[in-house]
Amino acid sequence: MLRSWEERFGAVPVSIGYDSLMLQVARPPQAPDQLDGVLSEHYAVCPDNVDRGEGADAYREGLSEWTHWSFWWD
């Protein structure tokens, strides 16, 4: 998944912890089909980002603006 995000969006790791990962994103997704796909990918990697946040619609909208993606696991 990381390699694919790097190729498509210029996403590279900037911080890695035992239960966390932060990526810097050079080219956030913009097209609706990209946003739907990346939302599904993020959910597969870390469902808590969506489930414990503002929900899928807000998360999808944020993906087009965020220059950093954070993931964490309990």
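To be clear, the structure that these remarks concern was listed above.
In this text, all values refer to a predicted model and were calculated from it rather than measured experimentally. (Residues numbered from 1 in each chain as written. Predicted model: local features only at pLDDT ≥ 70, side-chain atom pairs only at ≥ 80, totals over all residues. Heavy atoms only, no water.)

Draft legend 1. Representation of the nonpolar core within the structure. In this structure, Trp 5, Leu 23, Leu 63, Trp 69 and Phe 71 are the most contacted members of the largest nonpolar core, which totals 15 residues. Those elements giving two or more residues to this core turn out to be helix H1 (2-9), strand E2 (20-25), helix H2 (32-45), helix H4 (56-63) and strand E3 (68-72). Leu 63 has contacts with Pro 28, Pro 29, Leu 35, Val 38, Leu 39, His 42 and Trp 69, leaving out every residue within four places of it along the chain. (Core = buried A, V, L, I, M, F, W, Y, C linked by side-chain atoms within 4.5 Å. Buried < 20%, exposed > 50% of the residue type's maximum accessible area, 1.4 Å probe, protein only. Helix = DSSP H or I, 4+ residues; strand = E, 2+ residues; numbered from the N terminus. Contact = heavy atoms within 4.5 Å.)

Draft legend 2. Broad picture of the pairing of strand E1 (residues 11-16). Pairing of E1 with E2 involves five bridges; the strand directions are antiparallel. Residue pairing in the sheet places Pro 13 in a bridge with Leu 23 of E2. Linkage of E1 to E2, two consecutive antiparallel strands, is achieved through a turn of three residues. (Pairing = 2+ DSSP bridges.)

Draft legend 3. Spatial organisation of the packing of aromatic side chains. Scanning all chains against the criterion turns up five aromatic pairs. When the centroid spacing of 5.9 Å and the interplanar angle of 65° are considered together, the rings of Phe 9 and Trp 69 count as edge-to-face. You can see Phe 9 sitting in helix H1 and its partner Trp 69 sitting in strand E3, a full 60 residues away along the chain. With respect to burial, Phe 9 and Trp 69 carry one shared label: buried. Here the aromatic rings of Tyr 59 and Trp 66 are separated by 5.0 Å at their centres, their planes lie at 75°, and the arrangement is edge-to-face. Looking at Tyr 59, the relative accessible area reads 10%, which means it is buried. On the basis of relative accessible area, Trp 66 is assigned to the partly exposed category, the value being 32%. (Phe/Tyr/Trp six-rings, centres within 6.5 Å; stacked < 30°, edge-to-face > 60°.)

What is shown is where atoms sit, not what they do.
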